[in-house]
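Architecture at a glance
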Amino acid sequence: MTQYYNSILGRIFMIRDSDTAISVNGVSKKFKTYSTGSNKGFLASLKRKYYWVDALSDLSFSIKRGEIVALLGKNGSGKSTLIKIIIGILYPDSGSVDVFGVNSWENRKSIAMETGVVLGAHEQLYWDLPAIDAFDLMKYVYGISDKDYKRRLKYFVERLELTDVYKRPVRTLSLGERMKCNFVASVLHLPKLVILDEPTIGVDLSSKAALRETMLEMQKKYDTTFLLTTHIVEDIDVAERIIVLDKGKMIYNGSTKGLTKLFGDKRYVELRFREKLPAALEFGKSIEKGIDYIKIETTTKTLKSKRFISLISDSDVIDYKVSEPDLKEVILKLYKIRGKS
Amino acid sequence: MGSPFRNWRVYLAFMSINLKTAFTYKGNFIMSLVLRVGLGLLMVFVWTAVFLNAKTSTIRGFTLPQMYAYFFLLSAIGITTMSSIRLIIQNDVQQGKIATSLLKPINYPLQTFYSSIPMTVVWSVFVSIPLVVLISIFVHFNLSTSVLLLLILEMAIAISLANIYDFLLGTLAINFVNIWGIAGVFFWTTSILEGGVMPLNLFPTILNKILMFTPFPIMGYTPAATVLGTVSMNYITTTILAGLFWIAVLLVLSIFRWRSVVRKITVVGG
């Protein structure tokens, strides 16, 4: 009975179109796992040592409607577990998750109408059949009208360069092509929330760009919310916000810029000289060195110093470039520092 | 578990897609057919040897041609009642596809049921019915309208029981992932209790009486014996009622089982 009322309430809230797409409140989840120890031989696998692992620890954050958020973390950091809890197929040990204002695992079916999910390699395509058969199935599952279905299919197929792909048996497609077909199967019903778990596995550069543009277009046109999980830093340039997980804990929640700012005034400066490098260049730690080239790790304070300004004004310096640490480096450092605490 | 008739177009689409998948490998389909009919042949050799050694023309009311017919009828019944629900669930659990299925606004147990039904229809139309017609050419049996109606009722109960069994068995994949061994032991045991090794009236009387109240006879022995006319109306009625009772019990059990295992579902990975 409670479930029935929750479901009714769920529908009412859905109609209201909550401004918060996802709200995660104090979610924790433990898993029981085992190791076979260091014993060798065929009996080793029988000697199992069971122990509990904290997949998620007291996680709280929210995502607004229409936001594109990247969930970043190393393998085993708890990203997929969190995704499964958000979409209501995994139950947390404590805490709660609301999707568009309703509890996700009590209203799984009503939320399913409003979400589209690509779970990495877990495909919704049929191995022996063309992707078009899975697309047709989605038409019935989500009750898409013939007219809308044809229009949307044409749009996504052209956008993601699948014209020569979607009528071939799935088993003959490359991993990247299957990924794109999975994406189409997940968004044909134009869901309010799209969750993409490792969506760029095996996808080539041009397809990655096409996926990115499609996401941005859906966000602009339909106010679609995207939650994208990945362990590939380069994939997150589409996101407005990053949430970084490490060993089940949230170690960062904010903008990409904010993340680089977290590490203060660290800068890299590359200098190219007319001839040889001067003997003394004490502006910071030397990273790379050539006959007429040097890359130094320094600080903004040093870059603003009179000594440095006078150096680059010198006619011996023919070119110079200042850059911030790249995201990859920042995140690795973040894992190192926050992961320990 | 929801109404089986609601959103019928959705489930019709699942039926269609599974039928297409089943026909992708035509060679595999034909070899499965040969294998299943071949199992009946095995029992023909066994029972020919039994009759020759017994030096008698009937064993508990069965003549040798009736015994042949019994096992081929049992093959035909077995083919029709065969369900692939457990395989669907096991594959979904092993490949992590159960996650994507649960993410859709559909009823997963019903989805597995409708995915399994097309093959039941195909096997029945292309194998079971022709097999029964073929047997009737060699062994005379009275397939009157009343016997046919009774057979349809018995088969409907048998198919329902087989699918609910298979669903319950399939849910074990959520706990054990690979249930090949468990399923093997289960089918070996139920095959004996359904009369797959010998007709149930050859069992000790007390065991046969107990079996009358279990779901097993209606899934094999009763329909085959009904066609051959070697069983009393009293036995048929009791096993039909027992079958209906067990459908209700197993259906309730599977609803509770599904509610409990759906909480335990964790998909492989990260």
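Residues numbered from 1 in each chain as written. Chains lettered and ligands numbered in written order. Predicted model: local features only at pLDDT ≥ 70, side-chain atom pairs only at ≥ 80, totals over all residues.

This part covers the overall build of chain B. Secondary structure summary: chain B contains eleven helices and two strands in total. Reading the secondary structure of chain B in the N-to-C direction produces α-α-β-β-α-α-α-α-α-α-α-α-α. C-alpha atoms of chain B, sized along the principal axes, occupy 65 × 40 × 35 Å. The buried share of chain B, reckoned over its 270 residues, is 38%. For chain B, contacts bridging at least 24 residues in sequence account for 81% of all contacts bridging at least 6. (Helix = DSSP H or I, 4+ residues; strand = E, 2+ residues; numbered from the N terminus. Buried ≥ 20, exposed ≤ 12 C-beta atoms within 10 Å, placed from the backbone. Contact = placed C-beta atoms within 7 Å.)

For the rest of this paragraph, the subject is the overall build of chain A. From N to C terminus, chain A includes eleven helices and 14 strands. Residues classed as buried in chain A amount to 37% of the 341 residues present. Long-range contacts, defined here as pairs at least 24 residues apart, represent 71% of the contacts in chain A between residues at least 6 apart.

Right, let's talk about the interface of chain A and chain B for a bit. Tallying the contact residues gives 25 residues for chain A and 23 residues for chain B. Contributing elements (two or more residues each) for the side of chain A that touches chain B: α2 (79-86), α3 (108-112), β6 (115-119) and α4 (131-141) of chain A. In terms of residue class, the side of chain A that touches chain B is built from 13 nonpolar, six polar and six charged. (Nonpolar A, V, L, I, M, F, W, Y, C, P; charged D, E, K, R; others polar.)

Of note in the backbone geometry, E161 of chain A takes a positive phi value of approximately 50 degrees without being a glycine. Topologically, E161 of chain A is positioned in the loop between α5 (146-159) and α6 (175-187). Residue E161 of chain A is classed as partly exposed on the basis of its C-beta count, with 13 C-beta atoms lying within 10 Å. In the Ramachandran plot, K55 of chain B falls in the positive-phi region, its phi being about 50 degrees despite a non-glycine side chain. Since 6 C-beta atoms lie within 10 Å of it, K55 of chain B is described here as exposed.

For the rest of this paragraph, the subject is the sheet that holds strand β8 (residues 225-230) of chain A. All names here are of chain A. What the six strands build is an open sheet, ordered β6-β7-β8-β3-β9-β10; its pairing is mixed. Of all the strands in the sheet, just β6 and β10 (249-254) have a single pairing partner and so form its edges. Mean inter-strand twist for the sheet, computed between neighbouring axes without regard to direction, equals 15 degrees. As judged from the five bridges shared by β6 and strand β7 (residues 193-197), these two strands associate in the parallel manner. Residue pairing for β7: T115 is matched across the bridge by L193. Strand contacts of α6: β6 and β7, with the helix running at about 160 degrees to β6, the strand carrying the most contacts. (Pairing = 2+ DSSP bridges. Axes fitted to C-alpha atoms, helices over the stretch in contact; angles between N-to-C directions.)

Look at α4 of chain A against helix α1 (residues 8-22) of chain B: their axes get within 8 Å of each other, and the N-to-C directions meet at 165 degrees. In terms of their interaxial angle, α4 of chain A and α1 of chain B are classed as roughly antiparallel. Note that α4 of chain A runs across α1 of chain B; the crossing there is left-handed. Together, D133, D136, L137, Y140 and V141 of chain A of α4 of chain A and R9, V10, A13, I17 and K20 of chain B of α1 of chain B make up the contact between the two elements. (Parallel < 35°, antiparallel > 145°, perpendicular 65-115°, else oblique. Left-handed = near helix turned anticlockwise from the far one by under 90°.)

Once that is clear, we can look at the packing of α1 of chain B against helix α6 (residues 108-138) of chain B. Residues and elements named next belong to chain B. Contact geometry for α1 and α6: axes closest at 8 Å, N-to-C directions at 45 degrees. Put simply, α1 runs oblique to α6. Handedness of the crossing formed by α1 with α6: right-handed. Where α1 abuts α6, its residues Y11, F14, M15, N18, L19 and A22 lie against L110, Q111, Y114, S115, I117, P118 and M119. Looking at the contact of α1 with α6 residue by residue, the class counts come to ten nonpolar, three polar and no charged.

Another aspect to go through is the pairing of β6 of chain A. Working note: regular strand, side chains alternate between the two faces of the sheet. Most of β6 of chain A is tucked away, with five of its five residues classed as buried. Residues T115, V117 and L119 of chain A point to one face of β6 of chain A and G116 and V118 of chain A to the other, with burial holding for every one of them.

Next up on the list: the environment of F31 of chain A. Residue and element names in this part refer to chain A. Looking at where F31 falls in the secondary structure, it is placed in strand β1 (residues 20-35). Measuring from C-alpha to C-alpha, the distance between F31 and C181 comes to 32 Å, with 150 residues separating the pair along the chain. Those residues in contact with F31 that lie beyond four places of it in its chain are V53 and A55.

Domain boundaries assigned for chain A yield domain 1 (1-34 + 54-114 + 191-202 + 219-261), domain 2 (126-190) and domain 3 (264-324). The C-alpha-based centres of domain 1 of chain A and domain 3 of chain A are spaced at 44 Å. (Domains from an automatic or database assignment.)

This part takes up helix α8 (residues 180-193) of chain B. For α8 of chain B, with 14 residues, the first-to-last C-alpha span of 20 Å sits near the 20 Å given by 1.5 Å per residue. Downstream of α8 of chain B by a residue or two, G195 of chain B has a phi angle that is positive, lying close to 95 degrees. (Expected span 1.5 Å × (residues − 1).)

It is worth spelling out the sheet that holds strand β2 (residues 49-64) of chain A at this point. All names here are of chain A. What the four strands build is an open sheet, ordered β2-β1-β4-β5; its pairing is antiparallel. With partners counted over all chains shown, the strands left at the sheet margins are β2 and β5 (102-103), one partner each. Note that β1 and β2 share twelve bridges and pair antiparallel. In the sheet register, V24 faces β2, and the bridge partner there is F61.

Membership of the largest hydrophobic core comes to 133 residues, with the highest contact counts inside it found for V184 of chain A together with L73 of chain B. When residues of this core are assigned to domains, at least three fall in each of domain 1 (1-34 + 54-114 + 191-202 + 219-261) and domain 2 (126-190) of chain A. Beyond its immediate chain neighbours, meaning those up to four positions away, L73 of chain B contacts V132, I135, A224 and V227 of chain B. (Core = buried A, V, L, I, M, F, W, Y, C linked by C-beta atoms within 7 Å.)

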